[in-house]
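So you can see what is in the structure, the chains are spelled out below.
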Amino acid sequence: MDYIAEPFKIKAVEPLKVLTRSEREQKIKAAGYNLFSVRAEDVYIDLMTDSGTGAMSQHQWAAIMTGDEAYAGAQSYYRLMDACQEIFGYAYFQPVHQGRAAEKVFMPIMLADGKVAVSNTFFDTTRAHVELAGATALDCAVPEAADTDSFYPFKGNMDLELLEKAIAQYGADRIGMIVMTVTNNSAGGQPVSMQNIRQTAAVAKKHHIPFVIDAARYAENAYFIQTREPGYADKSIIAIAREMFSCADAFLMSAKKDGIVNMGGLIGVKEDELLIRAVKERVIPYEGFITYGGLAGRDLDALAVGLLEATDESYLRYRIGQAEYLGETLRAAGVPIQYPTGGHAVFVDAGKMLPHIPYDQFPGHALAVALYEEAGIRSCEIGSYMLGRDPKTGEQLKSMFEFTRLAIPRRVYTQAHLDVVARALIAINARRDTLPGYTITDEPPVLRHFTAKLEPIR
Ligand SMILES: *Cc1c(COP(=O)(O)O)cnc(C)c1O
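So, about the overall build of the protein. Secondary structure assignment for the protein yields 16 helices and 14 strands. The dimensions of the protein, computed from C-alpha atoms along their principal axes, are 60 × 55 × 45 Å. Within the protein, contacts between residues at least 6 apart in sequence are counted, and of these 73% link residues at least 24 apart. Carbon and sulfur atoms provide 52% of the accessible area of the protein, an area that totals close to 18,400 Å². Taking the average location of the 47 positive side-chain charges in the protein and that of its 57 negative ones, the two points are 2 Å from each other.

Laid out in C-alpha cells, this is it:
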C-alpha cells in the first residue's frame, strides 16, 4: 500500500546512534533481558510506546512560552478548559500529571474491596489501579478480536453478552464501573464502534452502573468511526468525539497519547456534582491544586494546543496510515499481525509466529528481545508477561494474546525508519525456530514487566 506522506516538515532533528550487534547483545544481557532497563541512547528506533514520545508542533512550543505559572487560576488552565469543552462537552475537567494519576484519584472513589470493574479490555496500569483499590478487573473483549488474521472493523468492541453475564453473576450493585477503553490498546489498538459504545452505555444505564471511557486514543478511535462506521463519513472528528463522550458519565485520559504532549492527563466528569467534589478532594493531596493538577502552566498550554491538533483529519490520516503501511508490509511478507492494524501500533502475533514458545515462556517478549538484538529496535510485549499473576493464587495468567507491540510515536519516524523495522522482523521470521523462550529470575508483585529480570531458556 502507499505511504501517506507527512502533513508537516521537520524543523529540529534528534541524532540517532547505531550500535553493533555484539554491543546490543551485551547491552540487553546487562539489562536482565528487560527492554525497560536498556538506555534510550542504545536504541536506534524506539517503538516501545507511543506514550509521551510524540513530537510537539511549533504551535505547541510557542504556547509553552505563554505558560502562566500562577499557583491558582492560571490563564493556561482556562485555555485548557476551553479546548476540553470544545472536544468533550462535560461539566468538569481535571488536569493530572498522567493517565495513571487519573486512575489513582478516580478508582478508589468508584471501587472498594469485593467490587468488580468490567472493561472491553483493561490497560495494564488501569487494571493495576482497579486491583490496588481492592476490586477485581474483568475483561469482556469480543471473540472477533481473538482471530488476529481476519478482518473485522471494530475488534476493540465490548462483548455485550459477556458483560450482561458478568452483571448477572456478580449482581449489578457489586459492579463499581464499566470501562470502555478507546481504542482498545491491549487487543491491538483496535477501535470501538459508536454502536457498541451506545449499547454498552444502555446496559450500564439499565443497571445503574457508572460508565467510564478510558480515553487515551479517543481521536484515533473517532477517525476509525468516521472511516468505517455507516453514517459517520460526513461528521467531523470533534462531532464524533462529542457523541462518544455524551454516552459516558466520566472519562480518564492519558494525554501522552492523543494530547500529543510529553506529560499530562485528564479526568472528565459529565455532570455528577458529588463525583466532581470527590475528584477535587483527592486531586489536591495527590496531584496539587485543581487548576494545575501536577502539571506546570506551560504543560497545560501545550496540551490545550495538542488536544486540538490530534483531531485534525490530515494528521489522523497520516498517522493511522503509518501503522497500516508497516502492518501491510509485514503481512505481505508472512509475518502474522493483528489485522487490520489499529491506530497507534502494529501488534505482531508472536504466539502464532513462535508456536514452539509456550505462553509462560513469553513469546511476545522473546520476539522483542530478538528485534533489539537484530536491529536496535525497541518494542514491548503485550501478553502473558505483562498480564502477570493472579493476585490471589499467584498463578501465571494466560493472556488472550501474545503480542509484540510496535508502537509508533506521533510525528517522529519516517517511512525509511518503518522499512528498517519491517526488514528486521522479516529477517527474524526467517529464523524464528531458533528464538528461545524466557524465564523470570527476579519479579516485583505489581506491574512486574517494568522492572523484572529475565533469562533465555537455552
Ligand atoms: C497509557 C494509558 C494509560 C495510563 O496512562 P499513563 O499516562 O501512562 O499513566 C491508561 N489507559 C490507557 C488505555 C493507556 O493507553
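Read on, since the account is not over.
Contacts to the ligand come from 16 residues, most closely from Gln98, Arg100, Asp214, Ser254 and Lys257. Residue glutamine 98 places a side-chain N or O atom 2.7 Å away from an oxygen atom belonging to the ligand. Between the ligand and the protein, one listed contact pairs a nitrogen atom with a side-chain N or O atom of aspartate 214 at 2.8 Å. Coverage of the ligand by the protein chains reaches 98% of its 380 Å² of free accessible surface. At three residues, helix 4 (residues 99-110) tops the list of elements feeding residues into the shell around the ligand. Residues of the shell around the ligand, tallied by class, amount to two nonpolar, eight polar and six charged.

Here the focus is the environment of proline 7. You can see proline 7 is positioned in the segment before helix 1 (21-30). Taking relative accessible area as the criterion, proline 7 reaches 41% and is therefore assigned partly exposed. Remark: the alpha-carbon pair of proline 7 and glutamine 322, spanning 315 residues in sequence, is separated by 12 Å.

As a packed pair, helix 4 and helix 10 (residues 273-286) sit with axes 9 Å apart at the nearest point and diverge in direction by 135 degrees. The pairing of helix 4 with helix 10 is recorded here as oblique in orientation. Judged by the sense of rotation from one axis to the other, the crossing of helix 4 with helix 10 is right-handed. Mapping the contact onto sequence places Lys104, Val105, Phe106, Pro108, Ile109 and Met110 in helix 4 and Leu275, Ala278, Val279, Arg282, Val283 and Tyr286 in helix 10. Counted by class, the contact of helix 4 with helix 10 contains ten nonpolar, no polar and two charged residues.

What follows covers the nonpolar core. Among the nonpolar cores identified, the biggest contains 111 residues, and Phe88 and Tyr218 are the most heavily contacted of them. For this core, the leading source of residues is helix 14 (residues 363-375), giving eight residues. Of the residues that make up this core, three or more belong to each of domain 1 (21-50 + 313-457) and domain 2 (58-309). With near-sequence residues (within four places) excluded, tyrosine 218 lies in contact with Ile87, Phe88, Val182, Ala241, Met244, Phe245, Met253, Asp258, Leu307 and Thr311. Formed by 27 residues, the second largest nonpolar core is a distinct cluster that contains Met107, Val130, Ala137 and Val279.

Attention now moves to helix 14. Over its 13 residues, helix 14 extends 18 Å from the first C-alpha to the last, a length consistent with the 18 Å expected when each residue adds 1.5 Å. With respect to burial, helix 14 is a largely interior element, 13 of its 13 residues being buried. Downstream of helix 14 by one or two residues, glycine 376 has phi in the positive range, about 70 degrees.

Along its sequence, the protein is organised into domain 1 (21-50 + 313-457) and domain 2 (58-309). Computed over C-alpha atoms, the centres of domain 1 and domain 2 are 26 Å apart. The interface is formed by 34 residues belonging to domain 1 together with 39 residues belonging to domain 2. Carbon and sulfur atoms supply 56% of the area buried between domain 1 and domain 2, which totals about 2,900 Å² over both sides. Sorting the residues of domain 1 by area buried against domain 2 places Leu316, Pro340 and Arg410 first, and these three jointly supply 17% of that buried surface. In this structure, the salt-bridge partner of aspartate 149 is arginine 331, at a minimum N-O distance of 3.1 Å. Inspection of the region where domain 1 meets domain 2 yields 21 residue pairs in polar contact (both at pLDDT 80 or more). Every element with two or more residues in the side of domain 1 that touches domain 2 is listed here: helix 12 (313-332), strand 9 (345-349), helix 15 (384-387) and strand 12 (403-407).

Conventions we followed
- Residues numbered from 1 in each chain as written.
- Predicted model: local features only at pLDDT ≥ 70, side-chain atom pairs only at ≥ 80, totals over all residues.
- Heavy atoms only, no water.
- Helix = DSSP H or I, 4+ residues; strand = E, 2+ residues; numbered from the N terminus.
- Contact = heavy atoms within 4.5 Å.
- Areas by Shrake-Rupley, 256 points an atom, 1.4 Å probe, with all protein chains shown as cover.
- Lys, Arg positive; Asp, Glu negative; His and termini not counted.
- Charge placed at Lys NZ, Arg CZ, Asp CG, Glu CD.
- Near = heavy atom within 4 Å.
- Polar contact = N/O pair within 3.5 Å; in protein donor to acceptor, adjacent residues only side chain to side chain.
- Nonpolar A, V, L, I, M, F, W, Y, C, P; charged D, E, K, R; others polar.
- Buried < 20%, exposed > 50% of the residue type's maximum accessible area, 1.4 Å probe, protein only.
- Axes fitted to C-alpha atoms, helices over the stretch in contact; angles between N-to-C directions.
- Parallel < 35°, antiparallel > 145°, perpendicular 65-115°, else oblique.
- Left-handed = near helix turned anticlockwise from the far one by under 90°.
- Core = buried A, V, L, I, M, F, W, Y, C linked by side-chain atoms within 4.5 Å.
- Domains from an automatic or database assignment.
- Expected span 1.5 Å × (residues − 1).
- Buried area = accessible area lost by both parts, 1.4 Å probe.
- Salt bridge = Lys/Arg side-chain N within 4 Å of Asp/Glu carboxyl O.

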